[in-house]
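Fold and contact review
Residues per chain are reported as follows:
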Amino acid sequence: FVDIIYFSLDTTSNDEYLDIRGINGFDCIMDSIKLAKDLKQNFCIIYTVTDENIKNINKLIEFCKTYKIQLYINPCFSYFDNKLLKDTYRDEGAH
């Protein structure tokens, strides 16, 4: 039994997805999100904010609002040598 399906998504752009992830999987994840929605599955999108993708935060929020999808926004933690957000982003937020 599955309670909820989590989709990790950094952008609403195929090209940016390829740049960020290094794989051409954008269409596959979008098809999977559509299928989950069509099947009325309990799912959400997880968005981990990094310096590379913070510019997409408003687009992802609008995407999730439009399609009535719950969005979890996580900061990038410094685990496994990940870099934290630059001070300018932490102080000012995304604009």
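Values in this document were obtained by computation on a predicted structure and should not be read as measured data. (Residues numbered from 1 in each chain as written. Predicted model: local features only at pLDDT ≥ 70, side-chain atom pairs only at ≥ 80, totals over all residues. Heavy atoms only, no water.)

1. Remarks on the sheet that holds strand S2 (residues 43-49)
The sheet built from three strands is open, its strands ordered S1-S2-S3 with parallel pairing. At either margin of the open sheet sits one strand with a lone partner, and together these are strand S1 (5-8) and strand S3 (70-75). Across the sheet, the mean angle from the axis of one strand to that of its neighbour is 30 degrees, orientation sign disregarded. Inspection of the sheet shows S2 paired to S3 by six bridges, in the parallel sense. The residue bridging valine 49 from the neighbouring strand is proline 75, located in S3. Against the sheet, helix H2 (residues 26-38) touches S1 and S2, its axis set at about 155 degrees to S1. (Pairing = 2+ DSSP bridges. Helix = DSSP H or I, 4+ residues; strand = E, 2+ residues; numbered from the N terminus. Axes fitted to C-alpha atoms, helices over the stretch in contact; angles between N-to-C directions. Contact = heavy atoms within 4.5 Å.)

2. Description of the pattern of salt bridges
Applying the stated criterion across every chain, the model contains four salt bridges. A salt bridge links arginine 21 to aspartate 10, with the nearest nitrogen and oxygen atoms 2.5 Å apart. Pair noted here: arginine 21 is in helix H1 (residues 14-21) and aspartate 10 is in the loop between S1 and H1, with a separation of eleven residues, a long-range link. Overall, aspartate 10 belongs to the buried group, its relative accessible area being 8%. Ionic pairing is found between aspartate 38 and lysine 34, a salt bridge with its closest N-O pair at 2.8 Å. Placement of both aspartate 38 and lysine 34 in helix H2 is noted, with a separation of four residues, approximately one turn of the helix. (Salt bridge = Lys/Arg side-chain N within 4 Å of Asp/Glu carboxyl O. Buried < 20%, exposed > 50% of the residue type's maximum accessible area, 1.4 Å probe, protein only.)

3. Focus: the nonpolar core
Formed by 17 residues in total, the largest nonpolar core has its most connected members in Phe7, Leu9, Ile29, Ile33, Phe43, Ile45 and Ile69. Mapped by element, the contributors of at least two residues to this core are H2, S2 and helix H3 (57-66). Residues in contact with isoleucine 69, not counting those within four places in the same chain, are Ile33, Phe43, Cys44, Ile45, Phe63 and Cys64. (Core = buried A, V, L, I, M, F, W, Y, C linked by side-chain atoms within 4.5 Å.)

4. Observations concerning H2
Given a rise of 1.5 Å per residue, 13 residues ought to cover 18 Å, and the 18 Å separating the end C-alpha atoms of H2 matches this to within 8%. Where H2 is concerned, the buried positions are Phe26, Ile29, Ile33 and Ala36. In an axial view of H2, the angular spread of the buried residues amounts to 95 degrees, which keeps them on one side of the axis. Pointing more than 90 degrees away from the buried face of H2 are the exposed residues Cys28, Asp31 and Lys34. Packing partners of the buried residues in H2 comprise S1, H1 and S2. Lysine 40 lies just past H2 and shows a positive phi near 60 degrees. (Expected span 1.5 Å × (residues − 1). Arc of directions from axis to C-beta.)

From the geometry alone we can't say anything about function, so treat these as descriptive.
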